[in-house]
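What follows is the residue order along each chain.
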Amino acid sequence: MKLRFLIPLVVFVVMVGFLGKGLLLDPSEVPSPLIDKPAPQFTLSELHNPGAKFASESMKGQVWLLNVWASWCVSCRQEHPVLVELARQHIVPIYGLNYKDTRPEAAQWLRERGNPYDASAFDNDGRVGMDYGVYGVPETYVIDKKGIIRYKQIGPISPSVLRDQILPLVQRLQQGSPT
Amino acid sequence: MIPEIGHFSLILALAMAMVQAVVPLIGAAKGNENWMRMARPVAQGQFLFVATAFACLTYAFITSDFSVLYVAEHSNTELPLQYRVGAVWGGHEGSMLLWVLMLTGWTMAVSVLSRKLADDLIARVIGVLGLVSTGFLFFILLTSNPFIRLMPAALEGRDLNPLLQDPGLVFHPPMLYMGYVGFSVAFAFAIAALLGGRLDAAWARWSRPWTLVAWMFLTMGIAMGSIWAYYELGWGGWWFWDPVENASFMPWLAGTALIHSLAVTEKRGSFKNWTVLLAIIAFSLSLLGTFLVRSGVLTSVHAFATDPTRGVFILILLVIVTGGSMALYAWRAPKVGLGGRFALVSRESFLLANNVLLLVAAATVLLGTLYPLIIDALGMGKISVGPPYFSVVFVPVMTPLVFLMGVGAMARWKEASLPDLAVRLRWAFAVALISAVIVPFLMGEWYPLVSMGLLLSFWVFATIFVGVRRRVRRNQEIGRPGFSGMTRSYVGMQLAHAGVGAFIVGVTLVNGYQVEKDVRMNVGDTTEVAGYTFRFDGVAQTKGPNYTATQGYIQVIKDGADLMVLHPQKRNYNVQTMPMTEAAIDTGLTRDLYASLGEPVSGGAWSVRIYYKPFIDWIWGGCFIMALGGGLAMSDRRYRLASRRKAEKPSGATHAAGALATEGGRA
Amino acid sequence: MRRFLFVLIAAWAVCGTVAVAKEAAPMIRDPEIAGRMAHLTQKLRCLVCQGQSVADSGSDFSNDIRREVEKLMEEGKSDQEVIGFLVQRYGDFILFEPPVKSTTAPLWIGPFVLMALGGAVLVIVLAKRAKRPVEELSPEQVAAAERLLNDLEKEGKDS
């Protein structure tokens, strides 16, 4: 058998390998280039208190979650109970970034569903969201004591993602080991 | 009851497909004639049952039977009848059923139209088609059954995706699938020839008309999809190098290579191995397209709702069909002879160059389409590969191809003389070059790329003219009418090549001279685009059968005279409440005027996008001319003669005769 | 005609005031920026719409990106700087034209390598072919062929 007649088969086998691997991947998920980079700094007014400022700078020294949410966002409703439950356990502070929303609607939404956030920054025009590369709400960032983004969850946090990925990471970061 | 009949028919069709796949192939291997003869009736029976299933699903759609899950998910009582019929293939399950209907339809056609074919050959061809069909019927019944009931029945359907509510849905998928699936026949012929060890000119002659028909449908199907995207998506583009479009384009490129290579194998007995490989590749790329569109490994505008188990299933099918046939190829192809001798400069060589370039083009599209997946699979990040990439790498591959097209069609079989070709073509080249330099000036502005594109298309037209004129002269010299002796095959080839020229004219001019304006229009505002004045006369609410729309009124004025009113719409469909932009287009031979409504801006004004697109319809016109050429070539009388003659002669003789005939004279 | 009049009246009514005809304002005031934007946004992927470009899509995401690009351009940023701004936030995924770097080298070089390879194989194969002796036919084959050719003549020669 001449080897050159095997070339098509070999090419095909390699391609199938990639296609098979591809089935396990999600093509629409965009990994953030901000992972392991400093979180963009911002100062915004607070949702409930337009007079007060929320500055990301002031979060240095603790591990925290930044959750991007909006009252118009459908999958935020699915995620919300998970966050409320997490907040009740006081493991890690959760801060909200209220994205392209209005104050009355956002406040109403939290009144109805419970407020898991230590505070929510009010990002009316979505500028801060853009700095974080937000493209689908909800999104959640895990930020370490030095203000470095360590993890990004795109889409709602499910109880399993929280248990298997976010919480172990938070614990490691809180104990001080960087990875 | 009716859906159960459909479901049951599908199961029976699967049973028949399994018989069709097993019995004739074993019969052919063992030389058992009775077993071989089962092929035809079983194939016809299978078609009958698949058609019944398809009819049942159509019936469920027409009667809005929302107790069928698939119908409830893709239809609605308000949906107009023609779209309810189109909705049968508007989703994954139904379109798979259409796929199989096409496959069994082609098999049926083979079984009916090949009465004179040797029993073992036809048994193998139909058996291979049965194998493919078995795989896909399993796929439908196990993962994508359109007849699954919904208990309790839905009161109302969720409606068809508004993007699909368009005449394009009724025509485009059936055409495309006819083409895609049609390559299965060439594939089956190739596998049958490898199995039977008879790979000769007769085999090529048999495969060729089938391949031409499939190619013709695929060409039209792709063109229709492009037209549909052009007016329905509201972006004014006609090709987006989207993975799904690429999935249909790759088999087209391989299929185009195949019809050329079949010509050589038929007339000269050469390239046999290569032709077989191309037949396998063309159909494999069709299957790959099915996988890419339905598995969810790539993101696309047109993709179906996806499900990983389906992906796994199609991948397994792909491995069996393509992997199996390529293994068979590696095993059997080395024993195949090389065929007729030819010189370095000859039509054979040009056609082989054509094949290489077309395959490089197909490989380029494949590389660009799969590269994001490869990078992701290797964990090297995530990238996008889109139109800018393809336009950069595709043009350098296509340019020599088009240039060679003009030369190759003129060259003689077996041995051509390069100086002779140069002499004959120098006028064509001079005319093309001069026109290409001048015409852009006439269009208003000179761009090198436009000139380059026009050079190619004028070159195509000029070489066709020179070729036809030479034939006419030769006829006149021997006292025959000028156009006598031109076979449909020859005219078809020249026509298809002219279609390529027209296509290039369209692409070049629309890229070079398209004008786009994005304006904010108050009522009464005007804007001028390429000599046309567009006046915005406001909007009004209108109602369609299942949507409400805001319709704009845009008066087009040329030289002070009212020309027409364009009615672009923003539609809101009642059920899916999805806003849809419906562009208004005035089509013309030399230009399209294209208007689409954007968003309302403050104070009753609207953002309006207006395009002037010169010669854009030549793009699709060119495609339809290509398809027409293919159809003409397919109807050539020698294919009808061949089918009559073949029965009595052993195929070795045809091969020898072919070799002799071409040794002796020129074909 | 009557229907048209009605429509016109309806149209005026919907839009309220009857404005005096004037030249419509472009959506982007600066024509130079408009041109650059049209070019650049074609090359950006709308991340939420599965395969459309930012220029073609009407999604919120694309509207935001367009607004941001326009703003950056008005601030005097070059196309490269704008691209850098976006890549920093969304990664290379947002570019339809992947940047040339080590991981994308096969993508960019691939087609040309294939073409060169194809060309080389083509020349080798053709040169080998041209040197090959003519295939000999057995006497029986020749006889069979001649019979067939005679039939052909009878039925009319084609092509």
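K.L.:
How do you make sense of the overall build of chain A when you look at a structure like this?
P.N.:
Regarding its fold elements, chain A presents 5 helices and 7 strands. Taken over the C-alpha trace, chain A has a radius of gyration of 20 Å; the compact-globule value for 179 residues is 16 Å, which it surpasses by more than 25%. In chain A, the share of contacts with a sequence separation of at least 24, taken over all contacts with a separation of at least 6, comes to 71%. In the structure as shown, chain A presents an accessible area of about 8,500 Å², 56% of it carried by carbon and sulfur atoms. One way to put it: in chain A the 19 positive side-chain charges average out to a point 8 Å from where the 17 negative ones average out.

K.L.:
How should I be thinking about the packing of helix H6 (residues 92–113) of chain B against helix H9 (residues 201–232) of chain B in this particular structure?
P.N.:
Two measures define how a pair of helices packs: the angle their axes make with one another and the distance between the axes. Residues and elements named next belong to chain B. The interhelical angle for the contact between H6 and H9, taken along N-to-C directions, is 145°, at an axis separation of 13 Å. Considering how the two elements wind past one another, H6 and H9 form a crossing that is right-handed. Of the residues in H9, those in contact with Trp106, Ala109, Val110 and Leu113 of H6 are Trp206, Trp210, Val213 and Ala214. For the contact of H6 with H9, a count of residues per class yields 8 nonpolar, no polar and no charged.

K.L.:
Sorry, what's going on with the packing of helix H8 (residues 167–196) of chain B against helix H11 (residues 272–295) of chain B here?
P.N.:
Residues and elements named next belong to chain B. At their nearest, the axes of H8 and H11 sit 8 Å apart, and the two run at 140° to each other. If you check the angle between H8 and H11, you find them oblique. Both H8 and H11 take part in a crossing whose hand is left-handed. Between H8, through Tyr177, Tyr180, Val181, Phe183, Ser184, Ala186, Phe187, Ala190, Ile191 and Leu194, and H11, the contact on the second element is made entirely by Val276, Ala279, Ile280, Ala282, Phe283, Ser286, Gly289, Thr290 and Arg294. When the residues that make up the contact of H8 with H11 are grouped by side-chain class, the tally is 14 nonpolar, 4 polar and 1 charged.

K.L.:
What exactly am I supposed to notice about the sheet that holds strand E4 (residues 94–99) of chain A here?
P.N.:
Sheet strands pair via backbone hydrogen bonds, and the direction of the pair is either parallel or antiparallel. Residue and element names in this part refer to chain A. Here 5 strands make up an open sheet; going across it, the order is E5-E4-E3-E6-E7 and the pairing mixed. Strand pairing shows two members of the sheet lacking a second neighbour, strand E5 (119–123) and strand E7 (149–154), which therefore form its edges. Across the sheet, the axes of successive neighbouring strands diverge by a mean angle of 20°, strand direction being ignored. Two elements, strand E3 (residues 64–69) and E4, share 5 bridges in a ladder whose sense is parallel. Paired with Val68 across the two strands is Leu97, which belongs to E4.

K.L.:
Would you explain the domain arrangement of chain B in this entry?
P.N.:
Interface size is often expressed as the accessible area that is lost when the parts come together. All names here are of chain B. When its domains are assigned, chain B resolves into domain 1 (1–165), domain 2 (417–513) and domain 3 (515–615). The gap between the C-alpha centroids of domain 1 and domain 3 is 43 Å. Contact residues are listed per partner, giving 12 residues for domain 1 and 8 residues for domain 3. Both faces combined, the contact of domain 1 with domain 3 buries some 860 Å², and carbon together with sulfur accounts for 55% of it. The largest share of the area that domain 1 buries against domain 3 comes from Glu78, Asp159 and Pro162, three residues that together contribute 55% of it. On the surface where domain 1 and domain 3 come into contact, there are 0 salt bridges. Applying the counting rule to domain 1 against domain 3 returns 4 residue pairs in polar contact (both at pLDDT 80 or more). Tallied by class, residues from the side of domain 1 that touches domain 3 come to 5 nonpolar, 4 polar and 3 charged.

K.L.:
What should I look at first to understand the pairing of strand E1 (residues 515–521) of chain B in this one?
P.N.:
Every regular strand shows the same layout, with side chains that alternate between the two sheet faces. The pairing of E1 of chain B with strand E10 (residues 606–614) of chain B spans 7 bridges and is classified as antiparallel. Looking across to E10 of chain B, one finds that Lys517 of chain B is bridged to Ile610 of chain B. Across 2 bridges, E1 of chain B lies against strand E1 (residues 25–26) of chain C in antiparallel orientation. What sits directly across from Arg520 of chain B, in E1 of chain C, is Ala25 of chain C.

K.L.:
Mind showing me how you'd approach the sheet that holds E10 of chain B here?
P.N.:
Read from one edge to the other, the open sheet built from 5 strands follows the order E8(B)-E9(B)-E10(B)-E1(B)-E1(C), with strand pairing classed as antiparallel. In this open sheet, the two strands that pair with only one neighbour each are strand E8 (584–586) of chain B together with E1 of chain C. Where strand E9 (residues 591–600) of chain B and E10 of chain B come together, 8 bridges link them in antiparallel fashion. Bridging across to E10 of chain B, Leu597 of chain B finds its partner in Val608 of chain B. Packing of helix H17 (residues 488–513) of chain B onto the sheet brings it into contact with E1 and E10 of chain B, and relative to E10 of chain B it is tilted by some 135°.

K.L.:
In this structure, what is going on with the nonpolar core? I would like to understand it.
P.N.:
Ranked by internal contacts, the top residues of the largest apolar core, which has 183 residues, are Leu19 of chain A together with Trp99, Phe136, Leu253, Leu288 and Leu292 of chain B. Per element, the largest residue contribution to this core is 17 residues, and it comes from helix H13 (residues 347–377) of chain B. Discounting residues that sit within four places of it in the chain, Trp99 of chain B has contacts with Phe136, Tyr177, Tyr180, Val181, Phe283, Leu287 and Thr290 of chain B. Counting 49 residues, the second largest nonpolar core, distinct from the first, contains Leu44, Phe54, Leu86 and Tyr99 of chain A.

K.L.:
I keep staring at the interface of chain A and chain B and nothing clicks. Help me out?
P.N.:
Taken together, the contact between chain A and chain B spans 21 residues of the former and 32 residues of the latter. Taken as a group, Phe5, Leu19 and Leu23 of chain A account for 30% of the area that chain A buries against chain B, more than any other trio of residues on that side. Where chain A touches chain B, the interface holds 0 salt bridges. At the boundary of chain A with chain B, the tally comes to 1 residue pair in polar contact (both at pLDDT 80 or more). Across the side of chain A that touches chain B, the residue classes break down as 14 nonpolar, 3 polar and 4 charged.

K.L.:
Looking at this structure, how should I read unusual backbone geometry?
P.N.:
For residues that are not glycine, phi is negative in most cases, and the peptide bond is trans in most cases. With an omega of -10°, the peptide bond between Met151 of chain B and Pro152 of chain B qualifies as cis. By the element assignment, Pro152 of chain B lies in the loop between helix H7 (119–143) and H8. For His90 of chain A, which is not glycine, the phi dihedral falls at a positive 50°. By the secondary structure assignment, His90 of chain A is in the loop between helix H2 (74–89) and E4. The backbone phi angle of Lys100 of chain A is positive, close to 45°, even though this residue is not glycine. Position of Lys100 of chain A relative to the elements: it lies in the loop between E4 and helix H3 (103–113). By relative accessible area, Lys100 of chain A is classed as partly exposed at 22%.

K.L.:
What am I meant to see in the pattern of salt bridges here?
P.N.:
Should the charged atoms of two oppositely charged side chains come close, the side chains can pair. Under the definition given, this model contains 36 salt bridges over all chains. One salt bridge connects Arg158 of chain B with Glu73 of chain B, and the closest N-O pair in it is separated by 3.8 Å. One end of the pair, Arg158 of chain B, is in the loop between H7 and H8; the other, Glu73 of chain B, is in helix H4 (residues 69–74), with 85 residues separating them in the sequence. Judged by its relative accessible area of 53%, Arg158 of chain B falls in the exposed class. A salt bridge links Glu516 of chain B to Arg609 of chain B; the shortest N-O distance between them is 4.0 Å. You can see Glu516 of chain B sitting in strand E1 and its partner Arg609 of chain B sitting in strand E10, a full 93 residues away along the chain. Relative accessible area serves as the criterion here: at 17%, Arg609 of chain B is assigned to the buried category. The network of salt bridges with common partners includes Arg127 of chain A together with Glu68, Lys71, Glu75 and Lys77 of chain C.

K.L.:
Where do I start with the state of the cysteines in this structure?
P.N.:
What we call a disulfide is simply a covalent bond connecting the sulfur atoms of a pair of cysteines. Residues and elements named next belong to chain A. A complete count under the given rule lists 1 disulfide over all chains for this structure. There is a disulfide in this structure between Cys73 and Cys76, and the S-S distance comes to 2.1 Å. Residues Cys73 and Cys76 share a disulfide whose torsion about the S-S bond is about 100°; that sign makes it right-handed. Both residues of the pair, Cys73 and Cys76, belong to the buried class.

K.L.:
Quick question: what am I supposed to make of a nonpolar patch on the surface here?
P.N.:
Residue and element names in this part refer to chain B. There is a patch of nonpolar side chains on the surface, built from Phe403, Phe429, Leu433, Ile434, Val437, Ile438, Phe441, Leu442 and Trp446 and spanning about 870 Å² of accessible area. Residue contributions to the nonpolar patch peak at 7 residues, all from helix H15 (residues 418–442). Its place among the elements puts Ile434 in helix H15.

K.L.:
Help me understand helix H5 (residues 159–175) of chain A in this model?
P.N.:
The periodicity of an α-helix, 3.6 residues per turn, causes residues three or four positions apart to be oriented the same way. Residue and element names in this part refer to chain A. Taking 1.5 Å per residue, 17 residues should reach 24 Å; H5 reaches 23 Å between its end C-alpha atoms and fits that length. The largest bend in H5 amounts to roughly 35° and is located at Ile166, with the proline Pro168 lying one to four residues further along. When H5 is considered as a whole, its buried residues turn out to be Val161, Leu162, Ile166, Leu167, Leu169, Val170 and Leu173. Its buried side turned inward, H5 meets E3, H2, strand E6 (139–143) and E7.

Cut-offs and rules
Residues numbered from 1 in each chain as written. Chains lettered and ligands numbered in written order. Predicted model: local features only at pLDDT ≥ 70, side-chain atom pairs only at ≥ 80, totals over all residues. Heavy atoms only, no water. Helix = DSSP H or I, 4+ residues; strand = E, 2+ residues; numbered from the N terminus. Rg over C-alpha atoms; globule rule 2.2 N^0.38 Å. Contact = heavy atoms within 4.5 Å. Areas by Shrake-Rupley, 256 points an atom, 1.4 Å probe, with all protein chains shown as cover. Lys, Arg positive; Asp, Glu negative; His and termini not counted. Charge placed at Lys NZ, Arg CZ, Asp CG, Glu CD. Axes fitted to C-alpha atoms, helices over the stretch in contact; angles between N-to-C directions. Left-handed = near helix turned anticlockwise from the far one by under 90°. Nonpolar A, V, L, I, M, F, W, Y, C, P; charged D, E, K, R; others polar. Parallel < 35°, antiparallel > 145°, perpendicular 65-115°, else oblique. Pairing = 2+ DSSP bridges. Domains from an automatic or database assignment. Buried area = accessible area lost by both parts, 1.4 Å probe. Salt bridge = Lys/Arg side-chain N within 4 Å of Asp/Glu carboxyl O. Polar contact = N/O pair within 3.5 Å; in protein donor to acceptor, adjacent residues only side chain to side chain. Core = buried A, V, L, I, M, F, W, Y, C linked by side-chain atoms within 4.5 Å. Buried < 20%, exposed > 50% of the residue type's maximum accessible area, 1.4 Å probe, protein only. Disulfide = S-S within 2.5 Å. Patch = residues over 30% accessible without salt bridge, like charges linked within 9 Å, V, L, I, M, F, W, Y side chains within 5 Å. Expected span 1.5 Å × (residues − 1). Bend = angle between axes of the 7 residues up to and from the residue.

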